[in-house]
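# Structural overview
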Amino acid sequence: MSDSTDTGLTQDDLTALAKAVREAARPEPPYRERSQSTAILFNLPLLLFNQMAEWRTAVTRQLGRADVTDADVFRVLTRILTSDVELRARVIEHLRSERNS
């Protein structure tokens, strides 16, 4: 049973409530590239697949790395494609010409 002199919230309660309000009012942190990845599957004609495999092998040797994966190549290509306006235009033109042929 509560005492008739009970005023409700204690100083500790008010402090905890003020802290919760401050936490909730903080702005979202700036967007950072997520460490999670998304799997993307696509089919390549055998000729293109073989050309990519040969190219990756040559680049692996050139860089002196143990391996250059399809994911490595796709990640770098995506970054370049999304940041280079001229390259983006060239890719769009190639997509148009492939669709029309």
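See the structure above.
First, a word on what this report is: a plain description of the structure on this page. Remember, it's a predicted structure, so these values are computed and weren't measured experimentally. (Residues numbered from 1 in each chain as written. Predicted model: local features only at pLDDT ≥ 70, side-chain atom pairs only at ≥ 80, totals over all residues. Heavy atoms only, no water.)

## Brief notes about the overall build of the protein chain
We count it as follows: Numbering of helices and strands runs from the N terminus, with a helix taken as a DSSP run of H or I at least four residues long and a strand as a DSSP run of E at least two residues long. Throughout, the Shrake-Rupley method with a 1.4 Å probe supplies accessible areas, and for residues the shown protein chains are the sole cover considered.
When helices and strands are counted, the protein chain shows 4 helices and 0 strands. Going from N to C terminus, the protein chain has its helices and strands arranged as α-α-α-α. Just so you have it, the protein chain exposes about 9,900 Å², and 57% of that area is on carbon and sulfur atoms.

## Brief notes about the pattern of salt bridges
To be explicit about the condition: Each salt bridge in this description consists of a side-chain nitrogen of Lys or Arg and a carboxyl oxygen of Asp or Glu lying within 4 Å of one another. Relative accessible area decides the class of each residue, using a 1.4 Å probe on protein chains only: under 20% of the type maximum gives buried, over 50% gives exposed, and in between gives partly exposed.
With the rule as written, the count across this model stands at 4 salt bridges. The residue Arg56 makes a salt bridge to Asp70 at a minimum N-O spacing of 2.6 Å. Here Asp70 lies in helix H3 (residues 70–83) and Arg56 lies in helix H2 (residues 46–63), a separation of 14 residues in the sequence. Looking at Arg56, the relative accessible area reads 17%, which means it is buried. Counted as one network, the salt bridges with shared partners bring together Arg65, Asp72 and Arg75.

## Considerations on the packing of aromatic side chains
Threshold: Geometry of aromatic contacts follows a simple scheme: Phe, Tyr and Trp rings, the Trp one being its six-membered ring, pair when their centres are within 6.5 Å, and the pair is stacked under 30 degrees between planes, edge-to-face over 60, tilted otherwise.
Scanning the model with the defined rule gives 1 aromatic pair in all. Geometrically, the ring pair formed by Phe42 and Phe74 is tilted, given 6.0 Å between the ring centres and 40 degrees between the ring planes. Taken as a pair, Phe42 in the loop between helix H1 (11–25) and H2 and Phe74 in helix H3 lie far apart in primary sequence, 32 residues in all.

By themselves, these figures tell us nothing about what the structure is for.
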